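What follows is the residue order along each chain.
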Amino acid sequence: MIIFAKPIISLDFTIEDIHKIREYHYELTKDITVVEKVTYYNNFSKEAEREIERRGIKA
């Protein structure tokens, strides 16, 4: 498995940053099985939920 460096995001968060993030996630997930993708995204969403709770952000 090849490890990809996380993209460097600008302080202004431009459309180019979105492209970098999408390309990074594509490269991470392009060769994994559906089950692995489900696990990957479930873990990612759980981390996001914890971060939202930690910051006290209300939906």
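Not measured: the values here are computed from a predicted model.

Cut-offs applied
- Residues numbered from 1 in each chain as written.
- Predicted model: local features only at pLDDT ≥ 70, side-chain atom pairs only at ≥ 80, totals over all residues.
- Heavy atoms only, no water.
- Salt bridge = Lys/Arg side-chain N within 4 Å of Asp/Glu carboxyl O.
- Buried < 20%, exposed > 50% of the residue type's maximum accessible area, 1.4 Å probe, protein only.
- Helix = DSSP H or I, 4+ residues; strand = E, 2+ residues; numbered from the N terminus.
- 1 Å grid on protein atoms, 1.4 Å probe; cavity = no way out; pocket = protein on both sides within 12 Å on 5 of 7 lines; lining within 4 Å.
- Points joined across faces, edges and corners; volume = space filled by probe spheres on them.
- Nonpolar A, V, L, I, M, F, W, Y, C, P; charged D, E, K, R; others polar.

**Structural notes on the pattern of salt bridges**
So, point 1. All chains considered together, the criterion is met by four salt bridges.
So, point 2. Taking the shortest distance from any N to any O, the salt bridge between Glu27 and Lys30 comes out at 2.9 Å.
So, point 3. Exposure remark for Glu27: the relative accessible area of 21% places this residue in the partly exposed category.
So, point 4. Residue Glu51 is joined to Arg55 by a salt bridge in which the shortest nitrogen-to-oxygen separation is 2.7 Å. Of the two residues, Glu51 and Arg55 are both situated in helix 2 (residues 34-55); the distance of four residues between them amounts to about one turn of the helix.
So, point 5. For Arg55, a relative accessible area of 57% translates into the label exposed.
So, point 6. Linked through salt bridges whose partners overlap, the residues forming this network are Glu51, Arg54 and Arg55.

**Notes on the layout of surface pockets**
So, point 1. Its boundaries defined by the atoms lining it, the largest pocket holds a volume of some 360 Å³.
So, point 2. Forming the boundary of the largest pocket are Lys6, Pro7, Tyr24, His25, Leu28, Tyr40, Asn43, Phe44, Glu47, Ala48, Glu51 and Arg55.
So, point 3. In terms of residue count, the dominant contributor to the lining of the largest pocket is helix 2 (seven residues).
So, point 4. Among the residues forming the lining of the largest pocket, the class breakdown is six nonpolar, two polar and four charged.

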